[in-house]
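Spelled out, the chains give:
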Amino acid sequence: MANQQDITQALARTPLYQRSAELKARFTSFGGWEMPVQFTGISKEHEAVRNAAGMFDISHMGKFTLQGKHLIDQLQRLVPSDLNRLQPGQAQYTVLLNPQGGIIDDIIVYYQGENTTGLQQAVIVVNASTTAKDKAWLLQQLDLNQVEFQDLSPEKVLIAVQGTKAVKYLQPLVKEDLEPIKAFGHLQASILGKPAFIARTGYTGEDGFELMLDPDVGVELWEKLHQAGVTPCGLGARDTLRLEAAMALYGQDIDDTTTPLEAGLSWVVHLDTKGDFIGREVLAQQKADGVQKRLIGLQMSGRNIARHGYPILSADEVVGEITSGTLSPTLGYPIALAYVPTTLAKVGEQLSVEIRGKVYPGVVVKRPFYRSKNRVTS
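Residues numbered from 1 in each chain as written. Predicted model: local features only at pLDDT ≥ 70, side-chain atom pairs only at ≥ 80, totals over all residues. Heavy atoms only, no water.

J.: Which residues make up the UniProt feature "domain: GCVT N-terminal" (unreviewed entry) in the protein, and what values do they have?
T.: Following the UniProt record, one finds the feature "domain: GCVT N-terminal" (unreviewed entry) at residues 16-272. Here residues 16-272 runs as 24% helix and 32% strand, with 44 Å between its end C-alpha atoms. (UniProt positions renumbered as here; feature names shortened; annotations may be inferred. Helix = DSSP H or I, 4+ residues; strand = E, 2+ residues; numbered from the N terminus.)

Structure (structure tokens):
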């Protein structure tokens, strides 16, 4: 059996690993990477994002650039969203689908428009644990005689600066004016005098930006933001923040056996405005007939936290299981996401969760659990 040192050394590390280690971060294994799970504490980091600004090393995520004369037409086949709606500088959160309508991964497509030679350009950011799978799928499905695909995952740093005061802290280091950028807007910009990709996207439910840069610039940016007072945050706070905003985590809340309609992502499915795509027939059937299960938001009583995998009961029968759960730092009570039969998915439905052999009550509530008043609109 491998010892802990062998396991640690087998994990990949981002260019910001050393900076996190110097800040005494606690690390964990995630998607094949050794990532900081917390610095000063999950609650403090969570609060910093909700009330000021926090920064996350998300360099472990997959980063692809694509260009081709009919790039958008080719990508249209792979997602249920109508990418023809995108103007240059706009982005779409969407999902890659398999023929059964299951979610291969949730991704963001950033459309950059045409270059000087008339080729359409896009950046696609994918989850860390699915980067290899997504890359293989895209290379299999795209016509590589027409599309140039580049994997920048190991070459670029990705930093998320999130929170109500994200603009205040980031603007002094960026040449371009950040205020006019709308939600899911993006541009090529200059950070610390060096080229960078800036997008007003994130995974926290707050305003903020995701920045793709060369490693040396990323390290310098991290240091300057820290010196300015931005709180370093780990995966722990990233998880509680995204769960309050009811944002799905791939591999827990969504996977290749769940469809976007079952997962409450009907807003990314544009059946009426686009043509054929992989999985369309399944989604069209589900829309016509209704889905058999739905992802719900659940509020637990007291301080009883429903964790991933815990069974859900109705009338003493197991009807589903928790996919994600935590004690909400902002709201002060336990929240969870779970799949249950559609008949039990309506708001106000009383359900129970088995926690360590005992059964505790919960109630179905609207998602998201938390909605920021400070987020910009698209």
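That covers the picture; the talk isn't over yet.
J.: Before we move on, could you go through the UniProt feature "domain: Aminomethyltransferase C-terminal" (unreviewed entry) in the protein and cite the residues and values that matter?
T.: The UniProt record marks residues 293-370 with the feature "domain: Aminomethyltransferase C-terminal" (unreviewed entry), using the residue numbering of this structure. Helix makes up 0% of residues 293-370 and strand makes up 58%, while its end C-alpha atoms are separated by 23 Å.

J.: I'd love a proper account of the environment of T258, names of residues and values included.
T.: One can find T258 in the loop between α8 (235-244) and α9 (280-289). Sequence separation between T258 and K293 is 35 residues; the distance between their C-alpha atoms is 9.4 Å. With sequence-adjacent residues up to four places away left out, T258 is seen in contact with G101, G102, I103, K293 and Y339. In terms of polar contacts, T258 uses its side chain to reach the backbone amide nitrogen of D255, at 2.9 Å. (Contact = heavy atoms within 4.5 Å. Polar contact = N/O pair within 3.5 Å; in protein donor to acceptor, adjacent residues only side chain to side chain.)

J.: Help me get a handle on the side chain of Q67, residues and values and all.
T.: Along the polypeptide, Q67 turns up in strand β4 (residues 62-68). Beyond its immediate chain neighbours, meaning those up to four positions away, Q67 contacts N115, L119, Q120, Q121, Q146, V147 and E148.

J.: Report on the pairing of strand β17 (residues 334-341), specifying residues and quantitative values.
T.: For β17, a buried count of seven out of eight residues is recorded, marking the element as mostly surrounded by other parts of the structure. For strand β14 (residues 293-300) and β17, the ladder comprises seven bridges, and the chain directions are antiparallel. The residue of β17 that forms the bridge with I296 is A338. If you look at the hairpin formed by strand β16 (residues 317-327) and β17, you'll find six residues sitting between the two strands, and G332 has a positive phi there, around 85°. (Buried < 20%, exposed > 50% of the residue type's maximum accessible area, 1.4 Å probe, protein only. Pairing = 2+ DSSP bridges.)

J.: Account for the layout of surface pockets, naming residues and giving values.
T.: Of the voids in this model, the second largest pocket is the one considered here, and its volume is about 320 Å³. Lining the second largest pocket are 18 residues, with T65, Q112, L152, Q188 and M212 sitting closest to its centre. If you list the elements that add at least two residues to the lining of the second largest pocket, you get β4, β7 (120-126), β8 (147-151), β11 (194-199) and β12 (208-213). Split by residue class, the lining of the second largest pocket holds nine nonpolar, six polar and three charged. (1 Å grid on protein atoms, 1.4 Å probe; cavity = no way out; pocket = protein on both sides within 12 Å on 5 of 7 lines; lining within 4 Å. Points joined across faces, edges and corners; volume = space filled by probe spheres on them. Nonpolar A, V, L, I, M, F, W, Y, C, P; charged D, E, K, R; others polar.)

J.: Outline the pattern of salt bridges, listing residues and values.
T.: If the charged atoms of two oppositely charged side chains come close together, the side chains can form a pair. Under the criterion given, the structure shown has eleven salt bridges. Of the charged contacts, one joins R242 and D253 as a salt bridge, the two residues approaching to 2.8 Å between their closest N and O atoms. One end of the pair, R242, is in helix α8; the other, D253, is in the loop between α8 and α9, with eleven residues separating them in the sequence. Given the relative accessible area of 1%, D253 is considered buried. Salt bridges sharing partners connect three or more residues here, namely R19, E22 and E223. (Salt bridge = Lys/Arg side-chain N within 4 Å of Asp/Glu carboxyl O.)

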